[in-house]
Amino acid sequence: MANIDVKLRKDLKPVPAVDKLGFGVHFSDHMLVMDYTLEKGWHDARVEAYGPIQIDPSMMALHYGQAIFEGMKAFRAADGNINLFRARDHFRRFNKSARRVCIPELDIEEIFAGLKKLLEVDHHWVPSAHGTALYIRPFIFATDQFLGVRPSHTYKLMIILSPVGAYYAEGFNPVKIMVEDEYVRAVRGGIGEIKTPGNYAASLLAAVKAQKKGFTQVLWLDAHELKWLEEVGTMNIMVKIDDEVITPPLNGSILPGITRDSTIKILKSWNVPIVEKQISIQEVMQAGSDGSLKEMFGTGTAAVISPVGSIHYKENDAIINNGNVGELSQKLFDEITAIQFGTKEDVNGWIDTIVVK
Ligand SMILES: *Cc1c(COP(=O)(O)O)cnc(C)c1O
């Protein structure tokens, strides 16, 4: 495996106080960088000072969006070591995203080694207060200087690190969501099942519209019939009707969330009925009015579990569990975060421990 060059900066930044962390606003001292050329493939993995980079105005990623990203987290365990959650699974999904937009794939072990090195260098950026984490953002963008539409011949990969505050510093706060029945996020056969910037640009207008009306998030329906549940904001969605948890299947327009997968595996281990099947907004609203809709929550790396308190669809509202956090939502949040912080045994092999010396 290629050696990872480390160029340490001398002007280390102060780490912000825990109550000032927020999400994605502060960045650590260093970043991992790697380049791709046709001749050399992915090469020159290095840790260097975090900072601005120079790009050419004709750089392809700016014009045609040939770019991908990932989002994962590292946690400070009680013994001071760092727990990295499902990193290889995130890198496998990164490669899947790469294939879909003609970006050359990475060697999983090589990129994993690069991330590990970066975390060793910037280990003091992993916060230790309860509920905090280090958010890890790997991304790749096309760097050819060219205005024709074709896959780029050169790319840059970076991994940047951002310490993040507790998502639920004031406790769980169930969100109010609006069902979007005009705009769609993604279509089957398109790029909705990968993490590529265009999907998020496509989602902004609906999110702004929902926020103007006083809602926190958008519930996305399928693009063909505007009928079937797809995702909520940038999270996967799960509903509990009577005793069964239902989540839409990975049909090609839904992002295959790692938290979704973790949640399904945990529910199965608890013998809670969980099915992956299409569920329509009419069924959900009906369950809301007849009292069988017990819980609803989003799953994603940032929030882990995000309980939904109410849904607004056309002229109707469904209030879920009186707007309170459901028992199962709470239990899942507690379980996943306990595995992440190392207070619960990692029976699934989801954690890589980075020993801090
Ligand atoms: C990242 C993401 C998710 C959640 O995936 P996780 O791996 O659980 O973080 C869900 N939907 C969209 C659109 C996403 O971008």
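Residues numbered from 1 in each chain as written. Predicted model: local features only at pLDDT ≥ 70, side-chain atom pairs only at ≥ 80, totals over all residues. Heavy atoms only, no water.

**Overview of the pairing of strand β15 (residues 293-300)**
Thought 1: For β15, the buried fraction is high: 7 of the 8 residues fall into the buried class.
Thought 2: The sheet contact formed by strand β12 (residues 235-241) and β15 spans 6 bridges and is antiparallel. Looking at the pairing, Asn236 lines up with Thr299 of β15.
Thought 3: Two elements, β15 and strand β16 (residues 304-313), share 4 bridges in a ladder whose sense is antiparallel. Note that in β16 the partner of Phe297 across the bridge is Pro307.
Thought 4: Counting the residues between successive antiparallel strands, the hairpin from β15 to β16 contains 3 residues. (Buried < 20%, exposed > 50% of the residue type's maximum accessible area, 1.4 Å probe, protein only. Helix = DSSP H or I, 4+ residues; strand = E, 2+ residues; numbered from the N terminus. Pairing = 2+ DSSP bridges.)

**Considering the site of the ligand**
Thought 1: In the vicinity of the ligand, 15 residues are found, and the nearest of them are Lys195, Tyr200, Glu231, Thr259 and Thr301.
Thought 2: One of the side-chain N or O atoms of Arg93 is found 2.7 Å from an oxygen atom in the ligand.
Thought 3: A distance of 2.8 Å separates an oxygen atom of the ligand from a polar atom in the backbone of Ile258.
Thought 4: With the chains in place, 96% of the 380 Å² that the ligand exposes on its own is no longer accessible.
Thought 5: Every element with two or more residues in the shell around the ligand is listed here: α2 (87-100), β12 and α5 (258-269).
Thought 6: Partitioned by chemical class, the residues of the shell around the ligand number 4 nonpolar, 7 polar and 4 charged. (Near = heavy atom within 4 Å. Polar contact = N/O pair within 3.5 Å; in protein donor to acceptor, adjacent residues only side chain to side chain. Areas by Shrake-Rupley, 256 points an atom, 1.4 Å probe, with all protein chains shown as cover. Nonpolar A, V, L, I, M, F, W, Y, C, P; charged D, E, K, R; others polar.)

**A look at the packing of aromatic side chains**
Thought 1: The tally for this structure, following the rule as stated, stands at 10 aromatic pairs.
Thought 2: With centroids separated by 5.0 Å and ring planes inclined at 70°, the aromatic side chains of Phe75 and Phe341 adopt a geometry described as edge-to-face. With Phe75 in strand β5 (residues 72-76) and Phe341 in helix α7 (residues 327-341), the pair connects residues that are 266 residues apart, well separated along the chain. Accessibility classification places Phe75 together with Phe341 in one group, the buried group.
Thought 3: Ring geometry for Phe172 and Phe333: centres 4.8 Å apart, planes at 65°, overall edge-to-face. On the criterion of sequence distance, the pair formed by Phe172 in the loop between β8 (155-164) and β9 (175-180) and Phe333 in helix α7 is long-range, its members being 161 residues apart. Pair check on accessibility: Phe172 and Phe333 agree, each one buried.
Thought 4: Taken together, the aromatic side chains of Tyr36, Trp42 and Tyr155 make up a single cluster linked through ring pairs. (Phe/Tyr/Trp six-rings, centres within 6.5 Å; stacked < 30°, edge-to-face > 60°.)

**Some words on the environment of Ile319**
Thought 1: By the secondary structure assignment, Ile319 is in strand β17 (residues 316-319).
Thought 2: Sequence separation of Ile319 and Leu293 is 26 residues, and the distance between their C-alpha atoms is 9.1 Å.
Thought 3: Other than its neighbours up to four places away in sequence, Ile319 contacts Gly309 and Ser310. (Contact = heavy atoms within 4.5 Å.)

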